[in-house]
2 protein chains.
Amino acid sequence: MVAPSIRVAPSAANRALGLLRTVQFTHPPNCPCHSNPNHHHHHQTPSLANHVRRHLATPIDASRQKEYAFEMAASSIRFGPGATKEVGMDFKNIGAKRVCVVTDANVSQLDAMKQVVEGLSKEGIEFTVFDKVRVEPKDHSIKEAIAFSKPYNPDAFLAVGGGSVIDTAKLMNLYTVFRDADFLDFVNAPLGKGLPITKPLKPLIAVPTTAGTGSETTGTAIFDLVSKKAKTGVAHRALKPTLGICDPINTRTMPSAVHASSGLDVLCHSLESWTAIPFNERVPRPTNPINRPAYQGANPISDIFSLHALRSTVKYLPRAVKDPDDFEAQSQMLLAATLAGIGFGNAGVHLCHGMSYPISGQNPGYKHNGYAVDHPIIPHGVSVAVTAPAVFRFTAASNPDRHLAAAEAFGVDISNVKRESAGEVLGEAIAEFLIKLGDQPRGLKALGFKSSDVDGLIEGTLPQKRVLMLAPNLSEELTAEKDELRQLFEASLEY
Amino acid sequence: MVAPSIRVAPSAANRALGLLRTVQFTHPPNCPCHSNPNHHHHHQTPSLANHVRRHLATPIDASRQKEYAFEMAASSIRFGPGATKEVGMDFKNIGAKRVCVVTDANVSQLDAMKQVVEGLSKEGIEFTVFDKVRVEPKDHSIKEAIAFSKPYNPDAFLAVGGGSVIDTAKLMNLYTVFRDADFLDFVNAPLGKGLPITKPLKPLIAVPTTAGTGSETTGTAIFDLVSKKAKTGVAHRALKPTLGICDPINTRTMPSAVHASSGLDVLCHSLESWTAIPFNERVPRPTNPINRPAYQGANPISDIFSLHALRSTVKYLPRAVKDPDDFEAQSQMLLAATLAGIGFGNAGVHLCHGMSYPISGQNPGYKHNGYAVDHPIIPHGVSVAVTAPAVFRFTAASNPDRHLAAAEAFGVDISNVKRESAGEVLGEAIAEFLIKLGDQPRGLKALGFKSSDVDGLIEGTLPQKRVLMLAPNLSEELTAEKDELRQLFEASLEY
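Computed from a predicted model, the values in this text were never measured in an experiment. (Residues numbered from 1 in each chain as written. Chains lettered and ligands numbered in written order. Predicted model: local features only at pLDDT ≥ 70, side-chain atom pairs only at ≥ 80, totals over all residues. Heavy atoms only, no water.)

## Focus: the overall build of chain A
Helix and strand counts for chain A stand at 17 helices and nine strands. Among the 495 residues that make up chain A, the fraction classed as buried is 61%. When contacts within chain A are restricted to residue pairs at least 6 apart in sequence, long-range pairs at least 24 apart make up 77% of them. In the form shown here, chain A has an accessible surface area of approximately 18000 Å², with 54% of it arising from carbon and sulfur atoms. (Helix = DSSP H or I, 4+ residues; strand = E, 2+ residues; numbered from the N terminus. Buried < 20%, exposed > 50% of the residue type's maximum accessible area, 1.4 Å probe, protein only. Contact = heavy atoms within 4.5 Å. Areas by Shrake-Rupley, 256 points an atom, 1.4 Å probe, with all protein chains shown as cover.)

## Let's talk about unusual backbone geometry
Look at the link from Ala189(A) to Pro190(A): it is a cis peptide, with omega at 5°. Along the chain, Pro190(A) turns up in the loop between α6 (163-177) and β6 (204-208). Cis geometry is found at the peptide bond from Val283(B) to Pro284(B), where omega equals -10°. Position of Pro284(B) relative to the elements: it lies in the loop between α7 (256-275) and α8 (300-322).

## A look at the pairing of strand β5 (residues 156-161) of chain B
Residue and element names in this part refer to chain B. Judged by how many residues are buried, β5 sits mostly within the fold: six of six residues are covered. As paired strands, strand β3 (residues 98-102) and β5 are joined by four bridges and run parallel to one another. Looking across to β5, one finds that Val-102 is bridged to Ala-159. In this sheet, strand β6 (residues 204-208) lies alongside β5 in parallel orientation, the contact comprising five bridges. (Pairing = 2+ DSSP bridges.)

## A word on helix α12 (residues 388-395) of chain A
Residues and elements named next belong to chain A. In terms of residue burial, α12 counts as a mostly covered element, since seven of its eight residues are buried. Within α12 the residues assigned to the buried category are Ala-388, Pro-389, Ala-390, Val-391, Phe-392, Phe-394 and Thr-395. Turning to α12, the residues buried within the fold contact α7 (256-275), α10 (351-361), α11 (380-385), α13 (400-409), α14 (422-437) and α17 (478-491).

## Quick word on the state of the cysteines
All names here are of chain B. This structure, assessed with the given rule, holds zero disulfides over all chains. Cys-268 takes part in no disulfide bond, and the closest cysteine sulfur, belonging to Cys-352, lies 4.4 Å away. Among the residues examined, Cys-268 registers a relative accessible area of 0% and is labelled buried. (Disulfide = S-S within 2.5 Å.)

## Comments concerning the side chain of Ser356(B)
Residues and elements named next belong to chain B. Tracing the sequence through the fold places Ser-356 in helix α10 (residues 351-361). Under the relative-accessibility criterion, Ser-356 is labelled buried at 1%. Among the polar contacts made by the side chain of Ser-356, one reaches the main-chain carbonyl oxygen of His-353 at a distance of 2.8 Å. In this structure Ser-356 touches His-380, Ser-383 and Val-384, once residues within four positions along its chain are discounted. (Polar contact = N/O pair within 3.5 Å; in protein donor to acceptor, adjacent residues only side chain to side chain.)

## Examining the pattern of salt bridges
Applying the stated criterion across every chain, the model contains 51 salt bridges over all chains. Among the salt bridges present, the one from Lys66(A) reaches Glu281(A), with a minimum N-O distance of 3.0 Å. In this pair, Lys66(A) is assigned in the loop between α2 (48-57) and β1 (70-72) and Glu281(A) in the loop between α7 and α8 (300-322), connecting sequence segments 215 residues apart. For the pair formed by Lys66(A) and Glu281(A), the shared burial category is buried. Across the pair Glu126(A) and Arg98(A) runs a salt bridge whose closest N-O atoms are separated by 3.0 Å. Placement of the pair is Glu126(A) in strand β4 (residues 126-130) and Arg98(A) in strand β3 (residues 98-102), with a sequence separation of 28 residues. When its relative accessible area of 28% is taken as the criterion, Arg98(A) is described as partly exposed. Through salt bridges with shared partners, a single network forms among Glu67(A), Glu71(A), Arg282(A), Arg292(A), Arg78(B), Glu86(B) and Asp90(B). (Salt bridge = Lys/Arg side-chain N within 4 Å of Asp/Glu carboxyl O.)

## Some details on the nonpolar core
Grouped together as the largest cluster of nonpolar side chains are 171 residues, with contacts concentrated most on Leu351(A), Phe410(A), Leu351(B) and Phe410(B). If we skip the residues at most four places from it in the chain, Leu351(A) touches Glu272(A), Val391(A), Phe394(A), Thr395(A), Leu468(A), Ala471(A), Leu474(A), Leu485(A) and Leu488(A). (Core = buried A, V, L, I, M, F, W, Y, C linked by side-chain atoms within 4.5 Å.)

## Things to note about the domain arrangement of chain A
Residue and element names in this part refer to chain A. Assigned domains of chain A: these are domain 1 (12-57), domain 2 (76-251) and domain 3 (256-491). Its C-alpha centre places domain 2 at a distance of 25 Å from the equivalent point of domain 3. With both sides pooled, the region where domain 2 packs onto domain 3 buries about 2200 Å², and carbon together with sulfur makes up 64% of that total. Sorting the residues of domain 2 by area buried against domain 3 places Ala-211, Lys-231 and Arg-237 first, and these three jointly supply 24% of that buried surface. Counting across the interface, domain 2 meets domain 3 through zero salt bridges. Our count for the domain 2 to domain 3 interface comes out at five residue pairs in polar contact (both at pLDDT 80 or more). Of all the secondary structure elements, the ones that give two or more residues to the side of domain 2 that touches domain 3 are β2 (76-79), β7 (220-225) and β8 (230-235). Grouping the constituent residues of the side of domain 2 that touches domain 3 by class yields twelve nonpolar, ten polar and five charged. (Domains from an automatic or database assignment. Buried area = accessible area lost by both parts, 1.4 Å probe. Nonpolar A, V, L, I, M, F, W, Y, C, P; charged D, E, K, R; others polar.)

## Let's talk about the sheet that holds β6(B)
Across the sheet, which stays open at both edges, the seven strands sit in the order β1(A)-β2(B)-β9(B)-β6(B)-β5(B)-β3(B)-β4(B) with mixed pairing between neighbours. Only two strands of the sheet have a single partner each, and these edge strands are β1 of chain A together with β4 (126-130) of chain B. For this sheet the average axis-to-axis angle between neighbouring strands, irrespective of direction, equals 20°. Across the sheet, helix α9 (residues 327-345) of chain B touches β1 of chain A together with β2 (76-79), β6 and β9 (243-246) of chain B, and the angle it forms with β2(B) is around 175°. (Axes fitted to C-alpha atoms, helices over the stretch in contact; angles between N-to-C directions.)

## Considerations on the UniProt feature "domain: Alcohol dehydrogenase iron-type/glycerol dehydrogenase GldA" (unreviewed entry) in chain A
Under the UniProt annotation, "domain: Alcohol dehydrogenase iron-type/glycerol dehydrogenase GldA" (unreviewed entry) lies at residues 75-248 of chain A. Helix makes up 28% of residues 75-248 of chain A and strand 24%, with an end-to-end C-alpha separation of 18 Å. (UniProt positions renumbered as here; feature names shortened; annotations may be inferred.)

## A few points about the side chain of Thr395(A)
All names here are of chain A. Within the element layout of this structure, Thr-395 appears in helix α12. Given the relative accessible area of 0%, Thr-395 is considered buried. For Thr-395, the residues in contact, after removing those within four places along its chain, are His-350, Leu-351, His-403, Pro-472 and Asn-473.

## Quick word on the UniProt feature "domain: Fe-containing alcohol dehydrogenase-like C-terminal" (unreviewed entry) in chain A
As recorded in UniProt, the sites labelled "domain: Fe-containing alcohol dehydrogenase-like C-terminal" (unreviewed entry) are residues 297-473 of chain A. Each end of residues 297-473 of chain A is marked by a C-alpha atom, and these two atoms are 14 Å apart; helix forms 59% of the span and strand 0%.

## Details of the packing of α8(B) against α9(B)
Residue and element names in this part refer to chain B. The contact between α8 and α9 brings their axes to 8 Å, and the two run at 155°. On the basis of the axis angle, α8 is roughly antiparallel to α9. Crossing of α8 over α9 shows left-handed handedness. On α9, the residues touching Ser-302, Phe-305, Ser-306, His-308, Ala-309, Ser-312, Thr-313, Tyr-316, Leu-317, Arg-319 and Ala-320 of α8 are Glu-328, Ala-329, Gln-330, Gln-332, Met-333, Ala-336, Leu-339, Ala-340, Ile-342 and Gly-343. The residue makeup of the contact of α8 with α9, split by class, is eleven nonpolar, eight polar and two charged. (Parallel < 35°, antiparallel > 145°, perpendicular 65-115°, else oblique. Left-handed = near helix turned anticlockwise from the far one by under 90°.)

## A short note on α9(B)
In this model α9(B) runs 26 Å from its N-terminal to its C-terminal C-alpha over 19 residues, within 8% of the 27 Å that 1.5 Å per residue would give. Among the 19 residues of α9(B), 19 are classified as buried, and the element is accordingly described as predominantly covered. (Expected span 1.5 Å × (residues − 1).)

## A few points about the confidence of the model for chain A
Residue and element names in this part refer to chain A. For chain A, the mean per-residue pLDDT works out to 89, and 87% of the residues sit at or above 70. Taken together, the stretch residues 1-58 has pLDDT below 50 and engages in 96 contacts with residues farther than four places along the chain or on a different chain. Among the scores for the predicted complex, ipTM is 0.86 and pTM is 0.88. (pLDDT = per-residue confidence, 0-100.)

## Some points on the packing of α13(A) against α14(A)
Residue and element names in this part refer to chain A. Look at α13 against α14: their axes get within 9 Å of each other, and the N-to-C directions meet at 30°. When the axis of α13 is compared with that of α14, the two are roughly parallel. The hand of the α13/α14 crossing is left-handed. Contacts between α13 and α14 involve Pro-400, His-403, Leu-404, Ala-406 and Ala-407 on the former and, on the latter, Ala-422, Val-425 and Leu-426. Here the contact of α13 with α14 is composed, by residue class, of seven nonpolar, one polar and no charged.

## A few points about the pairing of β4(B)
All names here are of chain B. Pairing geometry for β3 and β4, over five bridges, is parallel. The residue of β4 that forms the bridge with Arg-98 is Glu-126. One crossover worth recording links β3 to the parallel β4 by way of helix α4 (residues 111-122), and it is right-handed. (Right-handed = clockwise from strand over helix to strand, strands pointing away.)

Next up, the structure:
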């Protein structure tokens, strides 16, 4: 069992510490000793005397103050087979009169779009369709989309598609409302300015057609900033859709290979958010709550979602991949994707995601089985999962209990496993899961990468500060961090 | 293990049924056989032939069509010791300029209010305080509060207090925005008109000072409609606060008896929402999603919250009650109250709550230990818990697996328990928990009720349609329903 990390264990010393902390929170400025990153008071039981000594001795450095609160925000979610057709009434209910429908060329041919168009038409709602979303969006494809929505100036948005569509719609909404903003204003620092979003956006309803990104519940939108050769995006709670309509009929059209790779994204969302550094170890504590990031670290509410989604994925993903008629497994995977979305959307992801961006971006020419495209492609879910066995072997030392709980979710009997073996056991369980799932590359070599590519992959990972800062066990100091990333990429060459 | 009730088990017959259902949802009007309340297709495995036969033979009765979707909505939640003082910045961030602060005479003296006032003042936000909320609000106390906020016409509300305060603030917000509405317009049918809320309300931030109602996350507001001698209220997702700030420092001031009774409310929120009829057995299916009730029945997302909150309450409530210095247990109970709030706020409660209203309202003169008031009082949590042993003995037959899972949450080893004993075992576990908690009446007799009072209690329960409709195993036919309520009240006289 892994206890949620709420403060103060019931020992006498900690009770005294709790009282001190109460005083601390009541009378700012706060006691700096709780903010020392080398003082893990949740893992140790410091004596009150030591505490007071430290209290007297340590100077206050506000930039090192640890977080003391977390915030959970999620879109409303409606779940049910056939719920797509309700969307016309939803827009009517909120008084929307001009709706910008966002999709891509592929999804625009599917039944989900037909249901949406019928629903809007039936309620007499004016709408226009933008169907040019690029899968794995780039800044120029996002800008093209914004150039479409700005002059139309809708009073609401509707996204029908996978993560690329929903993310693009979020940014169309953002930059149509903030019409005069520079594109980089809201983009995550350091590539962009990372400004907070200070006024409400237009209503956005998202209808996912894949079971993967969970974008229908999150305030995150990801794209390639081509000039910097980097994946980045905008992340703010204000960006999240008003409502996600999760209709399992809409994911029935996914080919088996797409079920698999989207499902591996769900797997890593769950595992990474479950093992991310705890929210109360994150520095610095924001001085204004609007600056508390959505990627805030693991917390007692995200934990519930992440662990639940992990268990569901282990149970249902193999069935959804193997049997195209297993509607129960497909429905459960859509639900798991959304739950994992709430989990990582309020906690964050770390190494698998941070390392996946250069893996997909520096693809030496691999084309994944079952993807009917005319160019090389490492699907996002494949690129996150390929490092997972190595990543969780590495992170386990930060919190063996959590890693053992994750191994247990994979069906491992952990009753006799030592805590120091947590990483080995979880890494093994993940590798076995991937192999049994079938059609997965057993490491970066199978994707065509060589040892000599590792330097480039490391350089491509380093700019992912927003996720790397949540990576447990990773050094902050650059040389050490590079060494650790090298170790992870090398260990991921083959599993 | 209890599987979330998503459609279609993986048998061949059900797979065919799943395909039929897909067609059904794609081409309305829907197959009526899924809507027949006597056809429990999740518990049986009907043959495809039977299905088609029924399909051909049964006439469509729209009012009996079962629900096919559920919707999850929750306030954003910020959790952390000391987070109260951030509220001034929150209002500044949303651009609020005139805030109506709602509290009661008792809470207005506490540190939580001091933090709030300092936070607002520091940001230069104009505010006015209404501190006359009545504990257990009545329609006239609500109307008095509305008469205060209407002329002030704030652009945001802030509630600081327990459930009564937060519920009152929700209704002040509602009727200040819908200035010309009649008070009964939005009140739950049949006592009120139950109109849907068709435009957004003003931002409301809720700062709970008790760990019980979970009102900071729900769209429900409860009060006594004096002329009808009935508890009723308004329930709509639009009513939910924008943000709940859960600061465990604010619940430290609760006396032990208040910890206990608020915690018992959490216990029953969890147990009732976990065992409520499943959303897809509810009739009728709404024709517009705005009419999908928040009290929609148990569903795969509410289940996660309800079961988690139940486990937390069993673990931490006894500690929070016994040791006023156990800040960890108190913090966990505040979190559990919020999580249970998300659970029941998206599923509903049933018999314990429905029967509690006449128990509190028809109090023969009982004054609960530890409540410093000058009049008789059966605290809400005490009045819901007193029938719990009998209620869950009665409801178990509807879903023995869920009742066994609940018993397991109380620490019972269920590995050798027969399904037909689920009710007995859970009822026993609840009774034992209440007895060990201490200072709880062992039945209605201990509250001063006699057998001759049962008729009045039944009559007081019958108007609670909104919760009774979610009660598993309860008859719809009036005479049978009365008999069952009599059986429940009589079994609750002593435990």
